[in-house]
Amino acid sequence: MPKKKTGARKKAEHRREREKLQRAAKGNVDVAKHPCNAPMECEKCQRRQKNRAFCYFCSSVQKVPMCAHCGKTKCMMKSSDCVIKHSGVYSTGMAMVGAVCDFCEAWVCHGRKCLSTHACSCPLTDAECIECERSVWDHGGRMFCCSFCHNFLCEDDQFEHQASCQVLEAETFKCISCNRLGQHSCLRCKACFCDDHARSKVFKQEKGRPPPCPKCGHETQETKDLSMSTRSVKFGRQTGMENDDEASGYDDYWKNIASGGSSAGTRHDDYDGYGEDDAEGYDDDDDEEEEEEED
């Protein structure tokens, strides 16, 4: 019979599991939680912005800079990793600064590891908003990643883009290469693929992972797991119900307006009716004035 686990052994096993998960998730840090993209409030103009070496609005230097790689604001000198030695003294402010990152525009501390690895692993190296095409140097806000297509978004466009990201560029859910129902959707190309056409000779599929998009190589997802919708247009074949004379497109649209089937036609009729009542009112006033003059 196996021995019963003690409390200390259980705690040690739980600690090893937590450390294993932390090591696995260390390389996959969310962009919004990264120190180089942390929120910062300027001490001079009191405006909130991304962590920067200089304020985007007033260009002032902050008294307590934050390292863009490790996120520390004070060097405690617990190890000999510092390039500038300060034994027995805690360094803060500009004494802790070692460089400025060209990509995220934030301070990097004087630690040897941060100075040598941050420029290569900076998550904002090619950060450009997919909507407005602005980079970190063009606006003062933070950068985010879309939850669906995983493209970079600025702080102004993140909600508007994610609300309309799950919309296909086609009018149906059919595969773009054949007439079958697309079971895999690429949220970057906004297209669906069946099982046969989702297999690509250029991009290899990893074991246990969904097939990559044959067009861009981005990881696809099953259409049934998403809230995908198709493209709809104002004019064309999707304008609504067709009339008896089989008129569609522009003809159907204008006939609906003429028959009062839309809000535009209702507003037009209300406007005309208001004008006629107004004209009758004016005529009555003129008749009353003429009668008074005759008397």
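Refer to the structure presented above.
Residues numbered from 1 in each chain as written. Predicted model: local features only at pLDDT ≥ 70, side-chain atom pairs only at ≥ 80, totals over all residues. Heavy atoms only, no water.

Student: Just give me the short version of the overall build of the protein chain, but keep the residues and values in it.
Tutor: Within the protein chain one finds five helices and eleven strands. Each of the 295 residues in the protein chain was classed as buried or not, and the buried ones make up 29%. Pairs at least 24 apart in sequence give 42% of the contacts found in the protein chain among residues at least 6 apart. (Helix = DSSP H or I, 4+ residues; strand = E, 2+ residues; numbered from the N terminus. Buried < 20%, exposed > 50% of the residue type's maximum accessible area, 1.4 Å probe, protein only. Contact = heavy atoms within 4.5 Å.)

Student: Hey, could you go over unusual backbone geometry for me, with residue numbers and the actual values?
Tutor: Residues other than glycine seldom take positive phi values, yet Ser59 does so here, at roughly 60°. Relative to the helices and strands, Ser59 is located in the loop between strand E2 (48-50) and strand E3 (74-75). Residue class for Ser59 comes out exposed when judged on its relative accessible area of 53%. The phi angle at Glu105 is positive, at roughly 60°, despite the residue not being glycine. A residue is classified by how much of its surface remains accessible, and Glu105, at 10% relative accessible area, is buried.

Student: Quick one: what's the story with the nonpolar core, residue by residue and with numbers?
Tutor: In this structure, Ala68, Cys104, Val108, Leu124, Ala127, Met143 and Phe152 are the most contacted members of the largest nonpolar core, which totals 27 residues. Elements that contribute at least two residues to this core include exactly strand E6 (107-109) and strand E8 (152-154). Setting aside anything within four residues of it in sequence, one finds Ala127 in contact with Arg134, Ser135, Val136, Met143 and Phe152. (Core = buried A, V, L, I, M, F, W, Y, C linked by side-chain atoms within 4.5 Å.)

Student: Hey, could you go over the environment of Pro39 for me, with residue numbers and the actual values?
Tutor: You can see Pro39 is positioned in strand E1 (residues 39-41). Sequence separation between Pro39 and Lys50 is eleven residues; the distance between their C-alpha atoms is 4.9 Å. Not counting the four nearest positions on each side in its chain, Pro39 is found in contact with Arg48, Gln49 and Arg142.

Student: Could you give me a rundown of the pattern of salt bridges, with the residues and numbers involved?
Tutor: Any two side chains of opposite charge can pair if their charged atoms end up close together. In total, this model carries four salt bridges according to the counting rule given. The closest approach of N and O atoms between Glu13 and Arg9, which form a salt bridge, is 3.8 Å. Of the two residues, Glu13 and Arg9 are both situated in helix H1 (residues 7-26); the distance of four residues between them amounts to about one turn of the helix. Overall, Glu13 belongs to the partly exposed group, its relative accessible area being 21%. Residue classification places Arg9 among the partly exposed residues on the basis of a relative accessible area of 45%. (Salt bridge = Lys/Arg side-chain N within 4 Å of Asp/Glu carboxyl O.)

Student: Explain the sheet that holds strand E11 (residues 221-222) residue by residue, including any values.
Tutor: Overall, antiparallel pairing links the three strands, which are arranged E10-E9-E11 in an open sheet. Edge positions in the sheet fall to strand E10 (191-193) and E11, since each has one partner strand and no second. Two strands pair when backbone bridges link them, and strand E9 (residues 184-186) and E11 are joined in this way by two bridges, in the antiparallel orientation. The residue bridging His184 from the neighbouring strand is Glu222, located in E11. (Pairing = 2+ DSSP bridges.)

Student: Explain a nonpolar patch on the surface to me, using residue names and the numbers behind them.
Tutor: A surface patch of nonpolar side chains, amounting to about 260 Å² of accessible area, comprises Phe54, Val61 and Met94. Along the polypeptide, Phe54 turns up in the loop between E2 and E3. (Patch = residues over 30% accessible without salt bridge, like charges linked within 9 Å, V, L, I, M, F, W, Y side chains within 5 Å. Areas by Shrake-Rupley, 256 points an atom, 1.4 Å probe, with all protein chains shown as cover.)

Student: Just give me the short version of the packing of aromatic side chains, but keep the residues and values in it.
Tutor: Under the counting rule described, the total for this entry stands at two aromatic pairs. Positioned over the ring face of Phe57 is Arg47, at 4.7 Å from the centre of the ring. (Phe/Tyr/Trp six-rings, centres within 6.5 Å; stacked < 30°, edge-to-face > 60°. Lys NZ or Arg CZ within 6 Å of the ring centre and 35° of its normal.)

Student: Describe the side chain of Gln49, naming the residues involved and giving the relevant values.
Tutor: Summarising the element assignment, Gln49 is placed in strand E2. Judged by relative accessible area, Gln49 falls into the buried class, the value being 3%. Separated by 2.9 Å, the side chain of Gln49 and the backbone nitrogen of Tyr56 make a polar contact. Other than its neighbours up to four places away in sequence, Gln49 contacts Ala38, Pro39, Met40, Cys42, Cys55, Tyr56, Phe57 and Gly140. (Polar contact = N/O pair within 3.5 Å; in protein donor to acceptor, adjacent residues only side chain to side chain.)

Student: Explain the environment of Lys215 to me, using residue names and the numbers behind them.
Tutor: Structurally, Lys215 can be placed in the loop between E10 and E11. Under the relative-accessibility criterion, Lys215 is labelled exposed at 55%. Residues Lys215 and Ala198, 17 residues apart in the sequence, show an inter-C-alpha distance of 9.5 Å. Discounting residues that sit within four places of it in the chain, Lys215 has contacts with Ile176, Cys189, Phe193 and Phe203.

Student: Give a description of the state of the cysteines that names residues and reports values.
Tutor: Under the counting rule described, the total for this entry stands at zero disulfides. The structure places no disulfide on Cys42, whose sulfur is separated from the nearest cysteine sulfur, that of Cys45, by 3.5 Å. (Disulfide = S-S within 2.5 Å.)

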